[in-house]
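Below are the chains, spelled out letter by letter.
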Amino acid sequence: MLAQAPGSIKPSLGGLLLDLGLAAAGRAGDWHAGAAIVSSARTIQAGGKGSSSRSSKGSADVAPEWVPLLPEARAVLLAALGEGDVLYDGLAARLADEEDIFEALPQLAGQHTQQQEAAAAAAAGKSDFSDEARLLFYALHSQATKGPCKDGKPWGWNVVESAKWQSWNQLGSMPQMEAMRLYVRTLDEEQPEWWTRMPEQPQPGSPGAAGVSGEPGVSISSVFQEGTWVVIQQDDAKKPIPRYEQGAALLGSQLYVLGGHYGGRYLQDLWVYNLNRLQWTAPAATVEQPQDAAEGGEEEGAALLAPAGPPASAGWSVTPFQDKLLVLGGHMKVGKLKKGESLPPISVWLVDLATLRWSALPTSGTVPCARGGHTACLMPSGDKVVVYGGEDSHRRPLGDVHVLDLQDLSWSQLKISSKAQPNARSGHVATLANDTMLVFGGGSIASCFNDLWQLDLARGAWSKPELHGPSPTPRAGHSGSLVGDYWYILGGGNNVKGCTDMLVADLTELAAGAVSWKKVCSVPPGSPLSSEGISLLHTPELNLLVAFGGYNGKYHNAVSVYKLPGYQQHSKGQEKNLLRDLALSREQLKRDLAAARQELELVAGSADAAKEEAAVQINMLSRQLTGAQAQVAAAEKAAEESRQLLSAEQAKTLKLEAQLAELHERLGGLGELERELARYRKLEKDSAAAAAQKGSGGLWGYISGQ
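Residues numbered from 1 in each chain as written. Predicted model: local features only at pLDDT ≥ 70, side-chain atom pairs only at ≥ 80, totals over all residues. Heavy atoms only, no water.

> Tell me about a nonpolar patch on the surface, residues and numbers included.
Among the surface-exposed residues, L667, L670 and L673 lie close enough to one another that they form a single nonpolar patch of about 300 Å² accessible area. Turning to its location among the elements, L667 is positioned in helix α13 (residues 572-695). (Patch = residues over 30% accessible without salt bridge, like charges linked within 9 Å, V, L, I, M, F, W, Y side chains within 5 Å. Areas by Shrake-Rupley, 256 points an atom, 1.4 Å probe, with all protein chains shown as cover. Salt bridge = Lys/Arg side-chain N within 4 Å of Asp/Glu carboxyl O. Helix = DSSP H or I, 4+ residues; strand = E, 2+ residues; numbered from the N terminus.)

This is how it looks when you write it as structure tokens:
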């Protein structure tokens, strides 16, 4: 019997080491250490050197060969993943998750050891576990809580105590963390529904987060308190198991929860919570078989269809659409891709809430790859869904934007025209405000973000709005709900701890490119409201924020409600009066709208007439301007001609002035000649006078020579 206990450990241990080796190689780049662990894991899975046929003594000899591998494997894993890596929900999450699960299993462990002592009852076929399994559970529980076996060997006559001691002692120096992990994993293999026997853990209470017991028939109006989160404690046994990264949608007073992640497994169930009666129900859904699968025969159809809709997944998006739920993508267990094989396309499912019938929708166009942790926003027109980001099947963050046309089920990828764009991410939140998509937070494997981006869907341009108010802390795995112009953000984590604040983004100035951050309230650490993978939704009928699920070291399944300011209860008479007032207001608005339309038509007619008159005046002014330009051109031509004539006249004037000076000079010479002539004339006159006097002078004349 004891010889089979180590053999029960080996398959789980081998698979664990394979996961550790692959994680070390892929996350830390330590291919040497990863390859060594993978090689050891394959040896363990193969059973070593003929270990399956060994006796009890031989099995004890096998233990030293594989137990020392565990510390090395764990050290490599922690170095690869890093402490507090809350975004990676694979092996690192399981190490943390199973520590909490193990702490909640002492009652089961005690039941297992008591069942070994009650062998007579087991002989009647009432035992859930074999003797080997009970011994293994005892040994792993002792190793995880007390460490390696240091007790003395019991007397041989006490068969039960000797068997328990030998089973514990064979674990050698196995670390307590690995014993705990192997305990939970073995229990998961032996009894998949073990979680139904777990005692319910009370939710932590604190100031500002009230707790109310949800009883069938209790009205939601007696539960909520304005400005305070109220955690509704469900006392009935029929409720979903705790989970995170579930899909959720709220239609009226019905909260729909689909799938999620819990304890290393993906979930597939569908639950409905009635907010009016505070009751959970698990409706039985059916699947609509595609026609091509039906024609392919029974065997082919069985391979295509799951018994309850899409496969077990987490991180998918659930979008209400015409009294239906549109389910896109999600993380799920998939096999390794072969060399050259491309990533599978994203899955598209639709559930009709009236008939609870699932349908797998075939799509066309540029179909995006499978992903989880993305966001899907229904456009205001109601005929298109915008999908952004997420992680592919290899946990690589994505940053592409795709649009699904719900009319013809065709995909198209939005072309980004801007150089600036956000980093690829998952675990973010997104919402639509008119033709703008807002994206906040999220992260990749190594980091979280606190940036806020807006995408103009018409232009395909990313930009950052101007932010006011206190800057939020980086986070991923949070949830958001748009209420009017206010976007409420709750939960999430930052690779170290959960976020304990509820924020609101004021979008009233978004058209001007500005967003204001405000802190609404604080939530206690450890509360379900400070969890990753939480869902936050809004019901307009009650003006309530509703939160569900999440993980912050523990999985949660509590429903919490927060009453927004401004909600009032109305009696039936008040509701009738309110409806009447609304009808009257509607008619008045219709009349005002008709009058405004008439006035608009008159203004439009006046504008047309003014436009025509302005066109005529512009035409006239244009002609006048053309004539004036022609006149100016003629005047400039005439002026140029005048300037040329003036230059010629100036040249003539200068020439005449030179001639005049020459004449003046000649005239000066003529004056001198005239004076000479006058002198000669005078001399001639004097000579004539003297001659005349000489002829009449007598003796005296003779004497004087006349």
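Read on, since the account is not over.
> So, the packing of helix α8 (residues 131-146) against helix α9 (residues 159-169): which residues are in play, and what are the values?
The relative placement of two packed helices comes down to the angle between their axes together with the axis-to-axis distance. Running from N to C, α8 and α9 point in directions that differ by 60°, and their axes come no closer than 8 Å. Classified by the angle between their axes, α8 and α9 sit oblique to one another. Handedness of the α8/α9 crossing: right-handed. Residues L135, L136, Y138, A139, S142, Q143 and K146 of α8 lie in contact with α9, whose contacting residues are A163, K164, S167 and W168. For the contact of α8 with α9, the residue count by class is six nonpolar, three polar and two charged. (Axes fitted to C-alpha atoms, helices over the stretch in contact; angles between N-to-C directions. Parallel < 35°, antiparallel > 145°, perpendicular 65-115°, else oblique. Left-handed = near helix turned anticlockwise from the far one by under 90°. Contact = heavy atoms within 4.5 Å. Nonpolar A, V, L, I, M, F, W, Y, C, P; charged D, E, K, R; others polar.)

> Summarise the pairing of strand β13 (residues 375-378); cite the residues concerned and give the values.
Of the pairings in the sheet, the one linking β13 to strand β14 (residues 384-388) comprises four bridges and is antiparallel in character. Residue A376 lies in a different strand from β14, and its bridge partner there is V387. Counting the residues that bridge the hairpin from β13 to β14 gives five residues, and of these G382 lies at a positive phi of roughly 80°. (Pairing = 2+ DSSP bridges.)

> Give a detailed account of the layout of surface pockets, specifying residues and quantitative values.
Each pocket or cavity is described by its volume, and for the second largest pocket that value is around 1,300 Å³. Lining the second largest pocket we find 49 residues, and of these V318, S479, G480, L536 and L537 sit closest to its centre. Secondary structure elements with two or more residues in the lining of the second largest pocket: β3 (247-251), β8 (317-321), β13, β17 (429-433), β22 (479-483) and β26 (535-539). Ranked by the residues each element gives to the lining of the second largest pocket, the list is headed by β22, at five residues. Taken together, the residues of the lining of the second largest pocket sort by class into 23 nonpolar, 21 polar and five charged. (1 Å grid on protein atoms, 1.4 Å probe; cavity = no way out; pocket = protein on both sides within 12 Å on 5 of 7 lines; lining within 4 Å. Points joined across faces, edges and corners; volume = space filled by probe spheres on them.)

> I'd love a proper account of the environment of S447, names of residues and values included.
Summarising the element assignment, S447 is placed in the loop between β18 (436-440) and β19 (452-456). Residue class for S447 comes out partly exposed when judged on its relative accessible area of 29%. The sequence separation of S447 and R425 amounts to 22 residues, and the corresponding C-alpha distance is 9.5 Å. (Buried < 20%, exposed > 50% of the residue type's maximum accessible area, 1.4 Å probe, protein only.)

> So what's going on with α8? Residues and values would help.
End to end, α8 covers 22 Å across 16 residues, agreeing with the expected 22 Å (1.5 Å per residue, within 8%). By the burial criterion, the buried members of α8 are A133, R134, L135, L136, F137, Y138, A139, L140, S142, Q143 and A144. Positive backbone phi, approximately 95°, marks G147, located one or two places after α8. (Expected span 1.5 Å × (residues − 1).)

> Outline the sheet that holds strand β16 (residues 410-413), listing residues and values.
The strand order β12-β16-β15-β14-β13 describes an open sheet built from five strands, whose pairing is mixed. At either end of the open sheet lies a strand with only one pairing partner, and these are β12 (364-365) and β13. Across five bridges, β14 lies against strand β15 (residues 401-405) in antiparallel orientation. Within β15, the residue paired with K384 across the bridge is D405.

> Break down the packing of aromatic side chains for me, citing the residues and quoting the values.
Within the structure shown, the criterion is met by 13 aromatic pairs. Centre to centre, the rings of Y244 and Y551 are 5.7 Å apart; their planes meet at 40°, and the pair counts as tilted. Of this pair, Y244 sits in the loop between β2 (229-234) and β3 while Y551 is found in the loop between β27 (544-548) and β28 (559-563), placing the two residues 307 residues apart along the sequence. With relative accessibility at 5%, the residue Y244 sits in the buried group. Residue Y551 is classed as buried on the basis of its relative accessible area, which comes to 15%. Aromatic side chains F440 and W517 sit 4.8 Å apart centroid to centroid with 50° between the ring planes, which places their arrangement in the tilted category. Linking F440 in strand β18 with W517 in strand β25 (residues 514-522), this pair joins segments that are 77 residues apart in sequence. (Phe/Tyr/Trp six-rings, centres within 6.5 Å; stacked < 30°, edge-to-face > 60°.)

> Help me get a handle on the pattern of salt bridges, residues and values and all.
Within the structure shown, the criterion is met by twelve salt bridges. The partner of R459 in a salt bridge is D456, and the shortest N-O contact between them spans 3.0 Å. Judged by relative accessible area, which is 22%, D456 ranks as partly exposed. Among the salt bridges present, the one from R475 reaches D501, with a minimum N-O distance of 3.2 Å. Of this pair, R475 sits in the loop between β21 (466-468) and β22 while D501 sits in strand β24 (residues 501-506); the two residues are 26 residues apart in sequence, bridging distant segments of the chain.

> Lay out unusual backbone geometry with the relevant residues and their values.
In terms of backbone geometry, most residues other than glycine have negative phi values and most peptide bonds are trans. Even without being glycine, L278 reaches a positive phi, approximately 55°. As for its placement among the helices and strands, L278 is situated in the loop between β5 (265-274) and β6 (279-281). Notably, D323 is not glycine yet its phi reads approximately 60°, a positive angle. Checked against the element boundaries, D323 lands in the loop between β8 and β9 (324-328). On the basis of relative accessibility, which here comes to 59%, the residue D323 falls in the exposed class.

> Provide a residue-level description of the environment of P320, including the pertinent values.
Assignment of secondary structure puts P320 in strand β8. Note on P320: relative accessible area 33%, which makes it partly exposed. Those residues in contact with P320, other than ones at most four positions away along the chain, are A249, L251, L325 and L378.

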